[in-house]
Amino acid sequence: MDISGPRGTHDILPDEIKIWHKMEQVLRKTAEIYGYSEIRTPIFEYTELFERGVGGTTDIVQKEMYTFEDKAGRSLTLRPEGTASCARAFIQHRMYNQPQPTKMYYIGPMFRYDRPQSGRYRQFHQFGVEVFGTRSPAVDAEVITLMVDIVKRLGLRRYELHLNTVGCGNCRPHYRQTLTEFLRPLQADLCRDCQSRVDSNPLRVLDCKEKRCREILAGFPSILDSICEECREHFERVKSVLDLYGVQYILDERLVRGLDYYTNTAFELLVPGLGAQNAVGGGGRYDNLVAQVGGPDTVGIGFAMGMERLLLALEENQVELVDGEGVEVYVAFNSPELEPLANIALNELRSADIKAERDYGDRSLRAQMKQANRSQAVVTVLIGENEAKSGTYSLRDMDTGEQFEIEQNALIAEIKKILMK
RNA sequence: GUGGGCGUAGCUCAGCCGGCUAGAGCACCAGAUUGUGGCUCUGGGGGCCGUGGGUUCAAGUCCCAUCGCCCACCCCA
């Protein structure tokens, strides 16, 4: 039997779901504290949205999209990221007519046809935030701070925030030009990929992982010398707010992001020890995106975090998000004739919001006790012939092993006493 | 899309140069304890040895293909 899920997908099993719930709770809570509201968009969109939003030259659009035709022959695509959909919704619902900025967050599955590896899946989950309608550098800082705050609240201690600016539509071409002139004479010595990148996308040469390339590039021209006064000023102000918030960052002039829509501020959150896919979150400003997909000229900024990668990071750093909580009460009964009595107790407990369980296998009392122990029950209610006769239950404190009889009508009160401890 | 490693019980893995009914630990079930857990002991269930083909008297073991997983490149969350 080799039935299995599609390549690059994975099930989140009942045993692991608690940690997801907990993580989602932290993500939502933190975003709400910063004034963001959730938005839920469809998981598929017209293909064109991503082609125009994410950018036709990106790897995502060129080779990683799950694209299909619906029965009317329209081209649809499973969303590879969340920002384009948010921009679409922002435009479609004329949110720009509301007081600005618009601050929202999303959480859900994304799809990319990539080769799976550690921290990389074909269906994965992202949490992200977007702010439309303000170019204030303070918002850049807010968004970055939110991202850092999340990993802190999740309990991560080891992480690096990398920060850079990639300039705007006016000044980036200048830098590209300067960089290309710098690279041209070195081109022959670079790795094969970089040799072609010099022509196709010189900025990407900067974050090549090849040791040789990095050495050759040692004295590469700083983007800060090429960008316009406005962009430089913006970047300075972002940094000063981050300083004020006490958010530590590493200036990383090699940081360039892979999506076409980014402008100005770019940032990434790295966690050491995660292997090759060590970026847990990343984002930046996208001042042209809304116009790019057909809306009014509106600036924006946001980030996305990979939830599977967050989980890997927590695991790697031995952060325990949840402690295994089992049932509170286990109801054990000694013979089939006593089952109705057990059901009554069970029902009473559940009605009182007490998490209670029983056995359905007609198993021996001993086996039921083992099961109670395994399910981490705090108390076991024992029902045998003696109890039935005298109208009582025996309660066993599973921690201390103490056991005593109570009147049946005192069940909830007595259980609560033990649970309180 | 490219390269490397690996697929044997629910899990982690052993199985040497091919040779008897395929093993261990953990987990599961039952009993020792005929009304009682966590420790211990005893017994038990469970494997088309990923799949398909080939070589051979004989394949878990060798060869090819295929699928899947892992790691890396690439890219990104």
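See the structure printed just above.
Presented here is a report on the structure given in the accompanying data block. (Residues numbered from 1 in each chain as written. Chains lettered and ligands numbered in written order. Predicted model: local features only at pLDDT ≥ 70, side-chain atom pairs only at ≥ 80, totals over all residues. Heavy atoms only, no water.)

This part covers helix H12 (residues 307–316). Burial runs high along H12: 7 of the 10 residues are buried. Turning to H12, its buried residues are Met307, Glu308, Arg309, Leu310, Leu311, Ala313 and Leu314. On the buried face of H12, the contacting elements are helix H1 (17–33), strand E5 (102–111), strand E6 (123–132), helix H5 (137–153), strand E10 (279–285) and strand E11 (300–306). Just downstream of H12, Gln318 is the residue with a positive phi angle, here 55°. (Buried < 20%, exposed > 50% of the residue type's maximum accessible area, 1.4 Å probe, protein only. Helix = DSSP H or I, 4+ residues; strand = E, 2+ residues; numbered from the N terminus. Contact = heavy atoms within 4.5 Å.)

Attention now goes to the pattern of salt bridges. Counted by the stated rule, this structure contains 17 salt bridges. Between Asp70 and Arg74 there is a salt bridge; the shortest N-O distance is 3.9 Å. For Asp70, a relative accessible area of 25% puts it in the partly exposed group. Arg74 sits in the partly exposed class, given a relative accessible area of 45%. (Salt bridge = Lys/Arg side-chain N within 4 Å of Asp/Glu carboxyl O.)

Taken in spatial order, the 8 strands make up an open sheet running E1-E5-E6-E11-E10-E9-E7-E8, and their pairing is mixed. Two strands lie at the open edges of the sheet, namely strand E1 (37–38) and strand E8 (250–251), each paired on one side alone. In this structure, strand E7 (residues 160–165) lies alongside strand E9 (residues 263–270), joined through 6 bridges in antiparallel fashion. Within the sheet, the bridge partner assigned to His162 lies in E9 and is Glu268. Helix H10 (residues 229–245) contacts E7, E8, E9 and E10 of the sheet and is inclined by roughly 160° relative to E7. (Pairing = 2+ DSSP bridges. Axes fitted to C-alpha atoms, helices over the stretch in contact; angles between N-to-C directions.)

Spatially, E13-E12-E14-E15-E16 is the arrangement adopted by the 5 strands of the open sheet, whose pairing is mixed. Since the sheet does not close on itself, it has two edges, and those belong to strand E13 (356–358) and strand E16 (403–407), each with one partner. Averaged over neighbouring strand pairs, the angle between their axes works out to 30° when direction is ignored. Contacts from helix H13 (residues 339–351) reach strand E12 (329–333), E13, strand E14 (379–383) and strand E15 (392–397) within the one sheet, and its direction differs from that of E13 by about 160°. Here helix H16 (residues 411–420) sits on the sheet in contact with E12, E14, E15 and E16, set at roughly 5° to E15.

Moving on, we get to the pairing of E11. The buried fraction of E11 amounts to 7 of the 7 residues, a majority that puts the element mostly inside the structure. The pairing of E6 with E11 spans 7 bridges and is classified as antiparallel. If you follow Glu130 over to E11, its bridge partner there is Gly302. In terms of strand pairing, E10 meets E11 through 5 bridges, oriented antiparallel. Looking at the pairing, Arg285 lines up with Ile301 of E11.

The side chains of a regular strand alternate between the sheet's two faces. Most of E12 sits inside the fold, with 5 of its 5 residues counted as buried. Note that E12 and E13 share 3 bridges and pair parallel. Among the inter-strand pairings, Val329 is bridged to a residue of E13, identified as Ala356. Sheet analysis places E12 next to E14, joined by 5 bridges and oriented parallel. Looking at E14, one finds that Val331 is bridged to Val381.

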